[in-house]
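Structural characterization, general
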Amino acid sequence: MEFNESQKRAVRHCDGPMLLLAGPGSGKTTVITHRIKYMTEEHGVRPDNILVITFTKAAANEMKGRFQELCPGTRGVTFGTFHSVFFWMLRNAYNYTAANIVTDSEKYGAIRDSIDRHGFRYDSQEDFAKNVVGEIGNVKSGRVSLENYESTTMKLEDFRIVYDEYENFLRRCGKIDFDDMLVFTYELLSERPDILKMWQNKFRYILIDEFQDINMIQYDIVKLLAGERQNVFSVGDDDQSVYGFRGAAPAIMKKFPEDFHGTVIEYLNVNYRCSYDIVECSKRIIQNNRDRYEKQLRSAFAAGQSDRVHIVKTDSMTEQNKKIIDRITELNRAGIPYREICLLYTSPSP
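Notes on the structure follow. Fair warning: this is a prediction, and the values are worked out from it, not measured in the lab.

1. Details of the overall build of the chain
The helix and strand inventory of the chain stands at 13 helices and 8 strands. Along the longest, intermediate and shortest principal axes, the C-alpha atoms of the chain span 65 × 60 × 35 Å. By the burial criterion, 42% of the 350 residues in the chain qualify as buried. Put simply, of all contacts in the chain between residues at least 6 apart along the chain, 76% involve residues at least 24 apart.

Here's what the structure looks like:
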């Protein structure tokens, strides 16, 4: 496998904190898996002392599969999401099972019951309940006291009523939600030094993917687990954070070198996925972001190797759809089969 110099430095980094600023298409998954290989084979790190955290189960499974293809004989590395890893810790401490996790139907049912019981009426009860659930999650994941939280969904006193009744419902039923997994894990590790020490000795090396999407309580737990070793390898791009509505705080990336002294900052700034024109166009947009790490992203492809980026403005969704259909028809008439034409799109904001 051929690596560029930045990738080599990231792969060969072992002890101490590193913040790897990985632009899109820069080969971060390859770097992470090869770094694990390098750690175990060149530095003698035990696989079962390595924890790799991603933000989705699918990403965790993909990372695990990529690593097993690379090192088929190596077993013991833990791949998981924040929630799966933290629930493992809670299960060991409190004997929780999957039956203790509240389902979405139970959660929304409890919220709607509280709303209906008190006669809280809003334009869309369905969307309203979802917004309330999101705000409850923000209170928990942001470690914000209920007294200091200002709800944007409903009157403050009404929100506190619904919040308290939802918490009472969970405790009465012996249930926890996904935000409780974070809160309870933080409390457990903060209040039980013996248990914290056990997990610190278990996970001596922590690798975190999509670090820009971490929230404050997840970050605080990582700091506890890292302890004095501070062997945290964080991979992310503050320009790609899209989960602010779930409490993600890309500003944490700016704090990382302050909290983890001696942090090595490395940049993966070569995009191996997109054409020169796409990268240059995206850079002109991204440079308007504020309070960010400055990066010099570039494409691995030379200019002129693909079609230029075309920006088309439309006045309506109907006109947009017509232009897309016309373009597909034009490509097909030029000899490109429909099966070789791909359309990528994002849904418009509500």
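2. Some details on the packing of helix 4 (residues 82-94) against helix 8 (residues 178-191)
Look at helix 4 against helix 8: their axes get within 9 Å of each other, and the N-to-C directions meet at 60°. Considering their axes alone, helix 4 and helix 8 lie oblique with respect to each other. Helix 4 and helix 8 meet at a crossing whose hand is left-handed. Between helix 4 and helix 8, the residues in contact are His83, Phe86, Phe87, Met89, Leu90, Ala93 and Tyr94 and Phe178, Met181, Leu182, Phe184, Thr185, Leu188 and Leu189, respectively. Looking at the contact of helix 4 with helix 8 residue by residue, the class counts come to 12 nonpolar, 2 polar and no charged.

3. Here's the deal with the sheet that holds strand 4 (residues 205-208)
Spatially, 3-2-4-5-1-6 is the arrangement adopted by the 6 strands of the open sheet, whose pairing is parallel. Among the strands making up the open sheet, the edge pair consists of strand 3 (78-81) and strand 6 (264-268). The mean inter-strand angle of the sheet, taken between neighbouring strand axes irrespective of direction, is 15°. Packed onto the sheet, helix 4 meets strand 2 (50-54), strand 3 and strand 4 and runs at close to 110° relative to strand 3.

4. Overview of the layout of surface pockets
There is about 1600 Å³ of room inside the largest pocket. Elements represented by at least two residues in the lining of the largest pocket include exactly helix 12 (276-286) and helix 13 (317-333). Residue contributions to the lining of the largest pocket peak at 8 residues, all from helix 13. Along the lines of polarity and charge, the residues of the lining of the largest pocket split into 17 nonpolar, 8 polar and 5 charged.

5. Section: the environment of Tyr108
Position of Tyr108 among the secondary structure elements: in helix 5 (residues 104-117). Once the C-alpha coordinates of Tyr108 and Thr30 are considered, the two residues, 78 residues apart in sequence, prove to be 40 Å apart. The contact partners of Tyr108, leaving out residues within four places of it in the chain, are Ala129, Lys130 and Val133.

6. Description of the nonpolar core
Judged by nonpolar contacts, the single largest core of 39 residues is most densely connected at Met89, Leu189 and Phe211. At the level of elements, strand 1 (18-22), strand 2, helix 4, helix 8, helix 9 (193-202), strand 4, helix 10 (216-226) and helix 11 (251-259) are the ones that each hand at least two residues to this core. If near-sequence neighbours (up to four positions away) are discounted, Met89 is found in contact with Thr185, Leu188, Leu189, Trp199, Phe203 and Leu225.

7. A look at the side chain of Ser234
Relative to the assigned elements, Ser234 resides in strand 5 (residues 232-236). Apart from the residues within four sequence positions on either side, Ser234 is in contact with Met18, Leu19, Leu20, Ile208, Phe211 and Phe256.

8. Some details on the pattern of salt bridges
Using the criterion set out here, one finds 24 salt bridges in the structure. For Lys223, the salt bridge is made with Asp220, and the minimal N-O distance between the two is 3.5 Å. Within this pair, Lys223 and its partner Asp220 are both found in helix 10, separated by 3 residues, close to a single helical turn. For Lys223, a relative accessible area of 29% corresponds to the partly exposed category.

9. As for helix 5
Its 14 residues place the ends of helix 5 20 Å apart at the C-alpha level, agreeing with the 20 Å of an ideal helix rising 1.5 Å per residue. Positive backbone phi, at 70°, marks Gly119, one or two positions downstream of helix 5.

10. Comments concerning the pairing of strand 2
Among the 5 residues in strand 2, 5 count as buried, and that is most of the element. By the alternation rule, side chains of strand 2 split into Ile50, Val52 and Thr54 and Leu51 and Ile53, which are all buried. Looking at chain direction, strand 2 and strand 4 are connected through 4 bridges and run parallel. Residue pairing in the sheet places Val52 in a bridge with Leu207 of strand 4. Across 4 bridges, strand 2 lies against strand 3 in parallel orientation. Within strand 3, the position partnered with Val52 by the bridge is Phe79. Since strand 2 and strand 3 lie parallel, the crossover through helix 3 (residues 57-70) that links them has a hand, and here it is right-handed.

Each value, and the rule that gives it
- Each chain has its residues counted from 1, following the order in which its sequence is written.
- Totals for whole chains, interfaces and linings use every residue, but because this is a predicted model, local features are given only for residues with pLDDT of at least 70 and side-chain atom pairs only at 80 or more, for both listing and counting.
- Only heavy atoms go into the side-chain values, all of them from the structure, while hydrogens and water stay out.
- Each helix is a run of DSSP H or I of at least 4 residues and each strand a run of E of at least 2, with the numbering of both proceeding from the N terminus.
- Working definition: with a 1.4 Å probe on protein chains only, accessible area under 20% of the residue-type maximum means buried, over 50% means exposed, and in between means partly exposed.
- Only heavy atoms matter for contacts: two residues are in contact if any of them lie within 4.5 Å across the pair.
- Note on geometry: axes are lines fitted to C-alpha atoms, helical ones only across the stretch in contact, with angles between N-to-C directions running from 0 to 180 degrees.
- Orientation is classified from the angle alone, with under 35 degrees giving roughly parallel, over 145 giving roughly antiparallel, 65 to 115 giving roughly perpendicular, and any other angle giving oblique.
- Handedness of a crossing follows from how the near helix is turned relative to the far one, being left-handed for an anticlockwise turn of less than a right angle and right-handed for a clockwise one.
- For this classification, the nonpolar set comprises Ala, Val, Leu, Ile, Met, Phe, Trp, Tyr, Cys and Pro, the charged set comprises Asp, Glu, Lys and Arg, and every other residue, Gly included, is treated as polar.
- Only strands that DSSP links by at least two bridges are regarded as paired with each other.
- We place a 1 Å grid over just the protein atoms. Points where a 1.4 Å probe fits but has no way out form a cavity, open points with protein on both sides within 12 Å along at least 5 of 7 lines form a pocket, and any residue with an atom within 4 Å of a point lines it.
- Grid points are joined across faces, edges and corners, and a volume is the space filled by probe spheres set on the points.
- Grouping buried Ala, Val, Leu, Ile, Met, Phe, Trp, Tyr and Cys residues that are joined through side-chain atoms within 4.5 Å yields what is termed a nonpolar core.
- In the sections that follow, a salt bridge refers to a side-chain nitrogen of Lys or Arg positioned within 4 Å of a carboxyl oxygen of Asp or Glu.
- Multiplying 1.5 Å by the helix residue count minus one yields the expected span of that helix.
- Handedness is read with the strands pointing away from the viewer; a crossover is right-handed when the path from the first strand over the helix to the second is clockwise.

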